[in-house]
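Residues per chain, in single letters:
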Amino acid sequence: MSDKVSVSLHINGKDHALTVAPERTLLDVLREDLRATGTRRGCDEGSCGACTVLVDGVPVLSCLSLPARLAGRAITTIEGVEAGGELHPVQRALVQHGAVQCGFCMSGIVLAAKALLEHTPSPTEDEVRQALGSNVCRCSGYVRVVQAIVSLGGRP
Amino acid sequence: MRYAEPGSVEEGLALLSTTEDARCLAGGASLVAMMNAGRVAPGMLVSLHHIPELSTITEAADGLWLGAMCTHRTVAAEARLRGAMEVVRSAASQLAHPAIRNMATVGGSLCLADPQTELPVALVASSARAEVAGSAGRRTLPVEALLVDSFRTSLARGELLTRVFIPRGVDGAAGHHLRFSRVSSDYPTVSISLVLAMDGDRCRHARVVVGSCGPVPLHVDAADQRLVGTRLEAADVAEAGRLLAQAAAPLDDVRGSAEYRRMLIPRLLGRALSQARERTHV
């Protein structure tokens, strides 16, 4: 028990030893301590999905996650999605479909879509819409986003 | 702010009873949001993530125990929640949105006692009981007795919700949850959880609970009784709906006026009964 917590976070395949105040969120630590600003700060209350990251492959909201309880879990942020300088297929599909718009919500959407495709490789349009229920786009351009993700499953 | 990770319920109770302004950290979906907004600043966070028994699901002859730290995602995927118990699975699979369901827990949802959210509504519909641990040992009480007001439970200082029991319920019954909201990830304007059993075309058992229409889930015995023995015809549904609407104390807010919510109750009740009835034939 202390007013600072020492924790080792496993982020995008690398370990980061940190000492943080218990009330600081994973979002704070990613953006302010690790300078990984691809994870966006939106509502800070779990409503918008801009700060979505994957924890053990499952989408969670980094604005509501405390680092102290994430020791040893595999955390993936948008910085860990592309590999070898190549965009992830989800990112490529979003670009090809002209779906990225202002881009603010895209980090969260890419991670939510990546998690969906990993357990449902050919999602229906409805399954994509359900999975993206956590993510708000203020440009409100969901149609091309959904089309892009569905296209990766080879379904019309 | 201090932070502790007890490894057992007993250790957790000791921390809670010796610290004036300690708060339990479950999924964090509501507590961390409130901390971010500066609405609460606990002196100590007692994380419940390292207490294995709180994440356990145990099957008993007469029902299923769900650990307080089970997430809504886990509950939504629990295939043993069928028949009458399915009302809990149905609500857990629909409430909020996927990322929240991945984080938020049964115990967190129940102890927050937010009148707008739906798991408490489904737990009341299923006649669930809550197990509470305290310095004097453990006790169980009906979920209705735990939920005393908007954002207020009957838990005493130093007590901890450990698990909830979902009884198997009436033979041949179907449990179902229906929510009405502007978009699927928002809080519902009105929600209905119910358990229904039929004998042929007559209702043998009904337990209907309404959410977002008062400080606690709304259950009216007379409305259930108005349905039992009937063929669930339009007049029966309208009269049961009228009894519920009359007892409701909804708020006027951005999701709907109180009057609109009262109008919705009988309409949603008809839809929920007809969907549940279909399931009783499966």
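Residues numbered from 1 in each chain as written. Chains lettered and ligands numbered in written order. Predicted model: local features only at pLDDT ≥ 70, side-chain atom pairs only at ≥ 80, totals over all residues. Heavy atoms only, no water.

1. Some details on the side chain of B:Gln116
Residue and element names in this part refer to chain B. Residue placement: glutamine 116 occurs in the loop between helix 6 (106–112) and helix 7 (119–125). Looking at glutamine 116, the relative accessible area reads 16%, which means it is buried. Apart from the residues lying within four places of it in its own chain, the contact partners of glutamine 116 are Tyr187, Pro188, Ser212, Asp253, Arg255 and Arg261. (Helix = DSSP H or I, 4+ residues; strand = E, 2+ residues; numbered from the N terminus. Buried < 20%, exposed > 50% of the residue type's maximum accessible area, 1.4 Å probe, protein only. Contact = heavy atoms within 4.5 Å.)

2. Thoughts on the sheet that holds strand 7 (residues 137–142) of chain B
In sheet architecture, strand pairing relies on hydrogen bonds along the backbone and comes in two forms, parallel and antiparallel. Residue and element names in this part refer to chain B. The strand order across the open sheet formed by five strands is 4-5-10-6-7, and the pairing between neighbours is antiparallel. Every interior strand has two partners, whereas the edge strands, strand 4 (57–60) and strand 7, have only one. Put simply, the sheet's adjacent strands are angled 20° from each other on average, direction ignored. In this sheet, strand 7 lies alongside strand 6 (residues 129–134) in antiparallel orientation, the contact comprising six bridges. Within the sheet, the bridge partner assigned to alanine 133 lies in strand 7 and is arginine 138. Sitting on the sheet, helix 1 (residues 9–18) touches strand 6, strand 7 and strand 10 (160–167), and the angle it makes with strand 10 is about 130°. (Pairing = 2+ DSSP bridges. Axes fitted to C-alpha atoms, helices over the stretch in contact; angles between N-to-C directions.)

3. Quick word on the packing of helix 2 (residues 89–96) of chain A against helix 3 (residues 106–119) of chain A
Residues and elements named next belong to chain A. Close contact between helix 2 and helix 3 brings their axes to 9 Å; oriented N to C, the two are set at 125°. By the angle between their axes, helix 2 is oblique relative to helix 3. Judged by the sense of rotation from one axis to the other, the crossing of helix 2 with helix 3 is right-handed. Residue-level inspection shows Val90, Gln91 and Leu94 of helix 2 in contact with helix 3, the latter providing Met106, Val110, Ala113, Lys114 and Leu117. (Parallel < 35°, antiparallel > 145°, perpendicular 65-115°, else oblique. Left-handed = near helix turned anticlockwise from the far one by under 90°.)

4. A closer look at the side chain of B:Thr189
All names here are of chain B. Considering the arrangement of structural elements, one finds threonine 189 in the loop between strand 11 (174–180) and strand 12 (190–199). The exposure class assigned to threonine 189 is buried, which follows from its relative accessible area of 1%. Looking at threonine 189, its side chain comes within polar contact range of the main-chain oxygen of arginine 255, at 3.2 Å. Setting aside residues no more than four positions away along its own chain, threonine 189 makes contact with Phe180, Ser181, Ser212, Arg255, Gly256, Tyr260, Arg261 and Leu264. (Polar contact = N/O pair within 3.5 Å; in protein donor to acceptor, adjacent residues only side chain to side chain.)

5. Thoughts on the pattern of salt bridges
The full count for this structure, using the stated rule, is 28 salt bridges over all chains. In this structure, A:Lys114 engages A:Glu118 in a salt bridge whose closest nitrogen and oxygen atoms are separated by 3.0 Å. Here A:Lys114 and its partner A:Glu118 are both found in helix 3, four residues apart, which amounts to about one turn of the helix. With a relative accessible area of 13%, A:Lys114 lands in the buried category. The partner of B:Arg279 in a salt bridge is B:Glu86, with the nearest N and O atoms 2.9 Å apart. (Salt bridge = Lys/Arg side-chain N within 4 Å of Asp/Glu carboxyl O.)

6. Points about the packing of aromatic side chains
Residue and element names in this part refer to chain B. Under the counting rule described, the total for this entry stands at one aromatic pair over all chains. Both rings, one in tryptophan 65 and one in phenylalanine 165, keep their centres 4.9 Å apart while their planes meet at 50°; by these two values the pair is tilted. Of this pair, tryptophan 65 sits in strand 5 (residues 63–67) while phenylalanine 165 sits in strand 10, and the two are 100 residues apart along the sequence. Residue class for tryptophan 65 comes out buried when judged on its relative accessible area of 16%. The ring centre of tryptophan 65 lies 3.7 Å from the NZ or CZ of arginine 163, which sits over that ring. (Phe/Tyr/Trp six-rings, centres within 6.5 Å; stacked < 30°, edge-to-face > 60°. Lys NZ or Arg CZ within 6 Å of the ring centre and 35° of its normal.)

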